[in-house]
Amino acid sequence: MKNALVTGGSGGIGAAICRRLAADGCHVYIHAHRGLQAAQTLAVAICAGGGSAQALAFDVTDSAAAADVLTPLVEHQPIQILVNNAGIHDDAVFPGMRAEQWHRVIDVSVNGFFNVTQPLMMPMIRSRWGRIINVSSIAALTGNAGQVNYSAAKGALNSATKSLAREIASRGITVNAVAPGIIDTPMSESAFDAREIARLVPMKRAGSPAEVADLIGFLASAQAAYITGQIISINGGMI
Ligand code: NDP
């Protein structure tokens, strides 16, 4: 049984990814920050359904906290599937953006990627098999007014994806990013109403977390062995 870690597993998209990876036979570490209770409830539900999961919590911006939790976890068995899904947005038009809005959004996505991925790297490399999937955003591909910080953070994640993919391709490890458009979670509810979604999305609906999780489940599978360094958008035709 492969071990998988999903950061932000307590959130809307993360929870669906955890369910999907558990259904595919992984032991899933469901990561949370403030929402440990939600991650624990999900772990209980997955286990009740015959899957294998456990919850854990740390702030991905805190490198020491991440290492304290992750290093002992991979001492005996590597985490071979990592989904860097934790992310926040804090929108503001650029002239009015406060420095802390800029830094915090980048801290969670970019430094969070480093703090979580780096401690898992050597055990994964030694196992000669791995899947790293970074949850990016369409905002990094098309840009989005009011999201200069978020686009910059997700754009950096896309670039890190490509470089790391090149670095470890020969070790049997793939690194890809999934860039969702508008997905039906509390994060998007606060940003888009139904009319706005119908205007922006050719399919005239938001995507579901399960649709994103299905793509990630495929990228995490053995069948996706030759896909690496890609930014794959899932967006209902927003292009
Ligand atoms: P949610 O707000 O539901 O979930 C966000 C998750 O990130 C939560 O589990 C939260 O943990 C975790 N998180 C936030 N800050 C930290 C931190 N400092 N340390 C550790 N974990 C943290 O959002 P979604 O499920 O909608 O989003 C998931 C990902 O998908 C994000 O990266 C987002 O940018 C991306 N995305 C979402 C889209 C959408 O339309 N929903 C579109 C495009 C991309 P906790 O709650 O436990 O504190």
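Look up a bit, the structure's there.
Residues numbered from 1 in each chain as written. Predicted model: local features only at pLDDT ≥ 70, side-chain atom pairs only at ≥ 80, totals over all residues. Heavy atoms only, no water.

Enquirer: What is the right way to look at the site of the ligand in this model?
Expert: Neighbouring the ligand are 31 residues, the closest being Ser10, Gly35, Asn85, Tyr150 and Thr185. Between the ligand and Val60 there is a distance of 2.9 Å, counted from a nitrogen atom to a backbone nitrogen or oxygen. One of the backbone nitrogen or oxygen atoms of Ile183 is found 2.9 Å away from an oxygen atom of the ligand. About the coverage of the ligand: the protein hides 89% of its 900 Å² of free accessible area. Elements with a minimum of two residues in the shell around the ligand: α1 (12-23), β2 (27-32), α4 (99-127), α6 (148-168) and α7 (186-189). In terms of residue class, the shell around the ligand is built from 13 nonpolar, 14 polar and four charged. (Near = heavy atom within 4 Å. Polar contact = N/O pair within 3.5 Å; in protein donor to acceptor, adjacent residues only side chain to side chain. Areas by Shrake-Rupley, 256 points an atom, 1.4 Å probe, with all protein chains shown as cover. Helix = DSSP H or I, 4+ residues; strand = E, 2+ residues; numbered from the N terminus. Nonpolar A, V, L, I, M, F, W, Y, C, P; charged D, E, K, R; others polar.)

Enquirer: How should I be thinking about the layout of surface pockets in this particular structure?
Expert: The method is simple in principle: a probe with the dimensions of a water molecule rolls over the atoms, and the space it marks as empty is what remains. Computed from the structure, the largest pocket encloses a volume of approximately 1,000 Å³. What lines the largest pocket is a set of 45 residues, among which Gly87, Ile88, His89, Tyr150 and Met187 lie closest to the centre. Sorting the residues of the lining of the largest pocket by element identifies α1, β2, α4, α5 (139-142), α6, α7 and α8 (194-200) as the ones contributing at least two each. Grouping the constituent residues of the lining of the largest pocket by class yields 20 nonpolar, 20 polar and five charged. (1 Å grid on protein atoms, 1.4 Å probe; cavity = no way out; pocket = protein on both sides within 12 Å on 5 of 7 lines; lining within 4 Å. Points joined across faces, edges and corners; volume = space filled by probe spheres on them.)

Enquirer: Teacher, can you tell me more about the side chain of Arg131 here?
Expert: Within the secondary structure layout, Arg131 lies in strand β5 (residues 130-135). There is no salt bridge for the buried Arg131, and the closest opposite charge comes from Asp24, which lies 11 Å off by N-O distance. Of the polar contacts made by the side chain of Arg131, one reaches the backbone oxygen of Leu219; its length is 3.3 Å. A polar side-chain atom of Arg131 sits 3.0 Å from the main-chain carbonyl oxygen of Ser221. (Buried < 20%, exposed > 50% of the residue type's maximum accessible area, 1.4 Å probe, protein only. Lys, Arg positive; Asp, Glu negative; His and termini not counted. Salt bridge = Lys/Arg side-chain N within 4 Å of Asp/Glu carboxyl O.)

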